[in-house]
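Architecture at a glance
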Amino acid sequence: MRPASSLHAVALPAAPQRPQLWWPLLLVAAVAWLVRIAGFFHRGGAFGYPVDYDEGVYFSAAALLSHGVWPYRDYFFVHPPGIAVLLAPVAALSHGFDAAVAFSVVRWLVPGLGALSALLSGRIVQERWGTRAGVVAALVYALYPEATAAERGPFLEPLLNLTCLTAAWVWLRPGEEWRRDVWAGALLATACAIKLTAGAWVLAAILARGATGEGRRVLRVVGVAAGVGLLWLGPFFVLAPDAMLEGLLRFQLLRPPDGELDVWRRLLAAVGEHHVGVSVLGVMGLLIALARIRQREAVAERLFATAWLLTLATFLSSKSYWVQYNAQLAASQAVLAGLGASWVLGVAERRSRTAFALVALAVGVAALSPLSAVIESARQKDRGLLALGNTLRASVPPDAALCTFEPGWAIAAGRLPGVPRGAPALVDSYGLMLHDALGGPERFTHASAAFENERSQRAWCFPCSRAATSSSSTGGVSGSSPRPASAGWRSTSPEMGSYGDAGARSPRAYCGRRMASGQYPNATQGTDLSSSRNP
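Quick caveat, the model's predicted, so the values are computed rather than measured.

Calculation criteria
All residue numbers refer to positions counted from 1 along the written sequence of the respective chain. It should be noted that, the model being predicted, local features are given only for residues of pLDDT at least 70 and side-chain atom pairs only at 80 or more, the latter also being counted only at that level, while totals for whole chains, interfaces and linings use all residues. Only hydrogens and water are set aside when side-chain values are computed; all heavy atoms of the structure are taken into account. The helix count covers DSSP runs of H or I at least four residues long, the strand count covers runs of E at least two residues long, and both are numbered beginning at the N terminus. Between buried and exposed lies partly exposed: a residue is buried under 20% and exposed over 50% of the maximum accessible area for its type, with that area taken using a 1.4 Å probe on protein chains only. Between two residues, a contact is recorded if the distance between any of their heavy atoms is within 4.5 Å. Expected span, for any helix, means 1.5 Å times one less than how many residues it has. Bend, in this description, refers to the angle at a residue between axes fitted to the seven residues ending there and the seven starting there. The term salt bridge refers to a pairing of a side-chain nitrogen on Lys or Arg with a carboxyl oxygen on Asp or Glu at a separation within 4 Å. In this analysis, a patch consists of residues with relative accessible area above 30% that form no salt bridge, clustered at 9 Å for like charges and at 5 Å for the nonpolar side chains Val, Leu, Ile, Met, Phe, Trp and Tyr. The Shrake-Rupley method, run with a 1.4 Å probe sphere, supplies the accessible areas, and residue values consider only the shown protein chains as cover. Every definition here rests on a 1 Å grid over the protein atoms only: cavities are sets of points where a 1.4 Å probe fits but cannot get out, pockets are open sets enclosed by protein on both sides within 12 Å along at least five of seven lines, and lining residues have some atom within 4 Å of a point. Grid points are joined across faces, edges and corners, and a volume is the space filled by probe spheres set on the points. The definition of a nonpolar core used throughout is a set of buried Ala, Val, Leu, Ile, Met, Phe, Trp, Tyr and Cys residues joined through side-chain atoms within 4.5 Å. Whenever two N or O atoms come within 3.5 Å, that pair is a polar contact, provided that in protein one can donate a hydrogen and the other can accept it, and provided that, for residues adjacent in sequence, both atoms are side-chain atoms. Aromatic pairs are defined between Phe, Tyr and Trp rings, using the six-membered ring for Trp, whenever the two ring centres lie within 6.5 Å; interplanar angles under 30 degrees are classed as stacked, those over 60 as edge-to-face, and all others as tilted. Both a distance and an angle decide whether a charge sits over a ring: NZ of Lys or CZ of Arg must be within 6 Å of the ring centre and within 35 degrees of the ring normal. Lines fitted to C-alpha atoms define the axes here, with helix axes fitted over just the stretch in contact, and angles between the N-to-C directions of these axes take values from 0 to 180 degrees. For this classification, under 35 degrees means roughly parallel, over 145 means roughly antiparallel, 65 to 115 means roughly perpendicular, and everything else is oblique. By definition, any crossing whose near helix is turned counterclockwise from its far helix by less than a right angle is left-handed, and any crossing with a clockwise turn is right-handed. For this classification, Asp, Glu, Lys and Arg are treated as charged, while Ala, Val, Leu, Ile, Met, Phe, Trp, Tyr, Cys and Pro are nonpolar and the rest, including Gly, are polar.

Assignment of secondary structure puts A184 in helix α9 (residues 177-194). Take A184: its relative accessible area is 1%, and that puts it in the buried class. When the C-alpha positions of A184 and T163 are compared, they lie 9.5 Å apart, and in sequence the two are 21 residues distant. Every residue in contact with A184, bar those within four places of it in the chain, is listed here: A167 and W171.

This is the structure:
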């Protein structure tokens, strides 16, 4: 017989018998929305907050899809097609307006996705462990530093987190089992079509119900997920099977390590730094979930604990890691934090009012601990992107092909890669340069070594009328990711973008040699735009 103290240690409040009020969670969701749009309270509006390289890639892919330019078939793409398909209806505004307007609209809409995710995090917890714990979970998501930053623009994580939380909420609620299994499977497939690391949630779902013998439900969810996954990937695979496998499989397997390589620093970024208070609550929730893992009714505990552990393990072992990836942890960690808060508040409440008041204060401080980092993030400003966009608008005719190292530069100028039709669709120059470097027998210990390889510069041998490139030979990109930063930029004619003093490794030198040999007869040298930018 288990000791009473052991049972008491993992005792949780009973699931609420009466319908729980939504309004406390709606208030937190409103806070989540406000802290995200606060980044746009600058003179430049949505463009006043720094535009990350990845935002430009995902938005360009979505907008181009609405123009009939498909990933894989028409340009190199290293991500599943979900982000392009889901953003395409809004990015299609680039038809009636220019790309800058459409991008601004997307940026204003994305914070709403973050608010919904905060609401769902709280609701999942509220339905199991009460309103107090639900408010804590919603607050943790609302103020999760990487989530607040990512949910100011068209990143993968805003749609990914909302899809995974919706799948969990649908699947965990009471009701007709087969209908909920079908919806959960379809949503999990959609999450994997957005980002492959969502596979952690599929494995978590298998364990959550498979551990208690609900094999039929697991098979139904996995079967639906497989079928819907084929619907997501099938059309793109039919159009360009080799190119799709090249971007999604071969490139990911062969790509050199990139970003932060030290595992301990990755772990510190994920659970330390601005996350200490939240991590304490989350670890308490994780320990409770592990203590209850064999109990049949603990489906939610198994689901979120497994999803968090597998996602973290993926980040620690992956070849590439940027701090913005941590935004994906917010969905599972918020629920675990709510679970931890539920337990510790319940224990304190049984002791005395004083104990409860002190513990409630400590929980509140822990949940609100990232607030200063969130405020500091919202204060960031981009000091030159709009000016750069205006320069490009004035310098490059609308019917001329414009190639930029960062897609955000072209978007600020109201332009898209591959438009007008027939222009080079240089959507992800960073990925394309890495891919080209991998075209030979060499393998590289780091991405910077790959950029030193001459083959990496072939991306800039497109027949562009104008090109704007980084002044760094390794390809600097902007945003929160700690990728190599450029010292500035220089706009030049055709594909000959200038990389400062990169010498023989620069696109100018590389393409110049190919032009001299006649390998790229369409590459011509035009006028220098004579512009510079210092962020």
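The next point concerns helix α12 (residues 241-254). A rise of 1.5 Å per residue sets the reference length of α12, with its 14 residues, at 20 Å; its end C-alpha atoms lie 18 Å apart and thus fit the reference within 8%. At G247, α12 shows its largest kink, close to 35°. Considered for burial, the residues of α12 that qualify are M244, G247, L248 and F251. Buried residues belonging to α12 abut α11 (215-239) and α21 (429-437).

Tallied over the entire structure, the rule returns 18 salt bridges. One salt bridge in this structure joins R393 and D98, with 2.9 Å as the shortest N-O distance. Placement of the pair is R393 in helix α19 (residues 385-395) and D98 in the loop between α4 (82-91) and α5 (99-129), with a sequence separation of 295 residues. A residue is classified by how much of its surface remains accessible, and R393, at 38% relative accessible area, is partly exposed. D98 sits in the partly exposed class, given a relative accessible area of 23%.

Where nonpolar side chains cluster on the molecular surface, the patch consists of L21, W22, W23, L26 and L27 and spans about 550 Å² of accessible area. Among the structural elements, L27 can be located in helix α2 (residues 23-37).

Overall, the coordinates contain four cavities of 30 Å³ or more when judged by the stated rule. In this structure, the largest cavity encloses a volume near 70 Å³. Lining of the largest cavity is provided by C164, A167, A168, W171, A184, L188, W201, A205, V221 and L303. Broken down by secondary-structure element, the contributors of at least two residues to the lining of the largest cavity are α8 (156-172), α9 and α10 (199-210).

On to the nonpolar core. Note that soluble globular proteins tend to have their nonpolar side chains buried in a common cluster. In this structure, F47, F59, Y75, V140, L303, F304 and Y430 are the most contacted members of the largest nonpolar core, which totals 139 residues. Looking at this core element by element, the count peaks at 13 residues for α5. In contact with L303, not counting residues within four places along its chain, are A168, L172, W201, A204, A205 and A208.

Turning our attention to the environment of D428. Tracing the chain through its elements places D428 in the loop between α20 (407-412) and α21. Between the alpha carbons of D428 and Y53 there is a distance of 8.8 Å; along the sequence they are 375 residues apart. If near-sequence neighbours (up to four positions away) are discounted, D428 is found in contact with Y53, V57 and V78. Among the polar contacts made by the side chain of D428, one reaches the main-chain amide nitrogen of G431 at a distance of 3.0 Å.

The next point concerns the packing of aromatic side chains. The final tally for this structure, using the stated rule, is 15 aromatic pairs. Their ring planes at 65° and their centres at 5.9 Å tell us that Y72 and F77 sit as a pair that is edge-to-face. As far as burial versus exposure is concerned, Y72 and F77 are alike and both buried. Members of the aromatic cluster, each reached through a chain of ring pairs, are W70, Y72, Y75, F77 and F236. The cationic tip of R209 hangs over the ring face of W171; the distance from NZ or CZ to the ring centre is 4.6 Å.

Once that is clear, we can look at the packing of α8 against α10. Two elements in contact, α8 and α10, have axes whose closest approach is 12 Å; the angle formed by their N-to-C orientations is 15°. As summarised for this structure, α8 and α10 are arranged roughly parallel, according to the angle between their axes. The chirality of how α8 crosses α10 is right-handed. Side by side, α8 and α10 meet where C164, W171 and L172 of the first sit next to W201, A205, A208 and R209 of the second. Partitioned by chemical class, the residues of the contact of α8 with α10 number six nonpolar, no polar and one charged.

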